[in-house]
Structures are given as structure tokens and as C-alpha cells.
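Letter by letter, the chains look like this.
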Amino acid sequence: QHLLPASLEPSLPTSSHGPIKMPAVLKRPAAAATAAAAKRQKKGQATKQMPTQTAKQAKAKEAARPKRDPLLVKVATGLGQALDVPEAARFMLDDVLETSLGTFQEDRHPYQAKLVGVIEDTLGSVEQRLQASLDGVQEEAKRTNEAKE
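Residues numbered from 1 in each chain as written. Predicted model: local features only at pLDDT ≥ 70, side-chain atom pairs only at ≥ 80, totals over all residues. Heavy atoms only, no water.

Asker: Give me the lowdown on the overall build of the protein, citing residues and values where you can.
Answerer: Helix and strand counts for the protein stand at 6 helices and 2 strands. Each helix and strand of the protein, placed in order from N terminus to C terminus, yields the pattern β-β-α-α-α-α-α-α. Counted over contacts in the protein with a minimum sequence separation of 6, partners at least 24 positions apart contribute 42%. Carbon and sulfur atoms make up 59% of the accessible area of the protein, which totals about 13,300 Å². (Helix = DSSP H or I, 4+ residues; strand = E, 2+ residues; numbered from the N terminus. Contact = heavy atoms within 4.5 Å. Areas by Shrake-Rupley, 256 points an atom, 1.4 Å probe, with all protein chains shown as cover.)

What follows is the structure in C-alpha cells.
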């Protein structure tokens, strides 16, 4: 019934008692701990979990971040007013401000230059929307003043 010649058939290590068998696989320590935790939960003994981050740690982490350039803060504020741009795109543009506008124009990669163009177009649309709103309010104020006279 052997299809392979004896010289090519895989051989198992042997001892004087016959072929050596691999030891039964024991549970890994992590798996054993998980199994024990599952048993405790089944019995109603809920395990306590440590809080991921305290308020003090969050403040320390926030303070450790480098301060943002005030001009970039103004640009980010303007991007936040771009209501015609999807929220995910606004977050993406906000994230790339330092790496695109924070780099000298001569040192920018072509992708960074494209992002600066997108930011410029976005801020241009915000400016147009705000200008149209301002013009409307000024026109309404002018009509109100004329009606009073």
C-alpha cells in the first residue's frame, strides 16, 4: 500500500520502545488565564478591569504634545468652517497642516503642494460663503435703515 519507495518515505524518530511521540500540547499560559477568567465570569465572579487612562494622565499627554503654530491654528479654524466639505476630509486637512503648510514652499513634495492647493481652495470657498453672508446682512441693514427714514 506504500506509494513511495522506502528511501523517500518520511521517517519518524524512534527509540528502543518504538516511534517517539510528540508530547501532548499543553495550554499556553495566556490561554489558561483566559479560560480561568471565562470560568469566573460564568460563575458570576466578574473581573475588574483597570481604567485605560485617568484624567491626570490625559492632561499630561495633552501637555506633552508640541504647541501648534498660531497661524496654523487660524487656518484650522477656517477649515472647521468649511461646512460643504465632509467631516472626514476636514479632519484629514487639519492633520496635514503641519506637514504641508509648516514646510517651506521650496522644500515641499509635490503631494504636499497639492494639499496646500486643496487647503487654499477650501479656505477660498469658506471666504466666498462668509462674504456672501456678510453682503446679505449689510443689504438687509441698509434696507432697514431706509425703511426707518
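Asker: How would you summarise the pattern of salt bridges if you had to cite specific residues and measurements?
Answerer: Charged atoms that come close allow side chains of opposite charge to pair. Counted by the stated rule, this structure contains 2 salt bridges. With a closest N to O distance of 3.1 Å, Arg68 and Asp94 form a salt bridge. One end of the pair, Arg68, is in the loop between α2 (55-64) and α3 (70-80); the other, Asp94, is in helix α4 (residues 87-95), and 26 residues separate them in sequence. Put simply, Arg68 and Glu98 hold a salt bridge, and the shortest N to O gap is 2.5 Å. Taken together, the residues Arg68 in the loop between α2 and α3 and Glu98 in helix α5 (residues 97-100) connect sequence positions 30 residues apart. One salt-bridge network, held together by shared partners, links Arg68, Asp94 and Glu98. (Salt bridge = Lys/Arg side-chain N within 4 Å of Asp/Glu carboxyl O.)

Asker: Lay out the packing of α3 against helix α6 (residues 110-148) with the relevant residues and their values.
Answerer: With their axes 9 Å apart at the nearest point, α3 and α6 run at an angle of 60° to one another. The angle between α3 and α6 places the two elements in the oblique class. Considering how the two elements wind past one another, α3 and α6 form a crossing that is left-handed. In contact with Val75, Gly78 and Leu79 of α3, α6 contributes Ile119, Thr122, Leu123 and Val126. Residues that form the contact of α3 with α6 fall into these classes: 5 nonpolar, 2 polar and no charged. (Axes fitted to C-alpha atoms, helices over the stretch in contact; angles between N-to-C directions. Parallel < 35°, antiparallel > 145°, perpendicular 65-115°, else oblique. Left-handed = near helix turned anticlockwise from the far one by under 90°. Nonpolar A, V, L, I, M, F, W, Y, C, P; charged D, E, K, R; others polar.)

Asker: Account for the nonpolar core, naming residues and giving values.
Answerer: Proteins that are soluble and globular tend to have nonpolar side chains buried together. Counting 7 residues, the largest nonpolar core consists of Leu72, Val75, Ala76, Leu79, Leu93, Leu97 and Ile119. For this core, the leading source of residues is α3, giving 4 residues. (Core = buried A, V, L, I, M, F, W, Y, C linked by side-chain atoms within 4.5 Å. Buried < 20%, exposed > 50% of the residue type's maximum accessible area, 1.4 Å probe, protein only.)

Asker: Any chance you could break down the side chain of Arg90 for me, citing the residues and the numbers?
Answerer: Among the secondary structure elements, Arg90 is positioned in helix α4. Buried charged residue Arg90 carries no salt bridge. Nearest counter-charge: Glu87, at 5.0 Å. Setting aside chain neighbours within four positions, we find Arg90 in contact with Leu79, Gly80, Ala82, Leu83 and Val85. (Lys, Arg positive; Asp, Glu negative; His and termini not counted.)

Asker: So what's going on with α3? Residues and values would help.
Answerer: Along an α-helix, residues three or four apart share an orientation, since each turn contains 3.6 residues. Considered for burial, the residues of α3 that qualify are Leu72, Val75, Ala76, Gly78 and Leu79. Within α3, the buried residues cover an arc of 160° as seen down the axis, which keeps them to one side. Opposite the buried face of α3, at more than 90 degrees from it, the exposed residues are Pro70 and Lys74. Each element contacted by the buried residues of α3 is listed here: α4, α5 and α6. (Arc of directions from axis to C-beta.)

Asker: Outline the environment of Asp84, listing residues and values.
Answerer: Tracing the sequence through the fold places Asp84 in the loop between α3 and α4. For Asp84 and Ser125, which are 41 residues apart along the polypeptide, the C-alpha to C-alpha distance reads 8.7 Å.

None of the figures reported here should be taken as evidence of function without further support.
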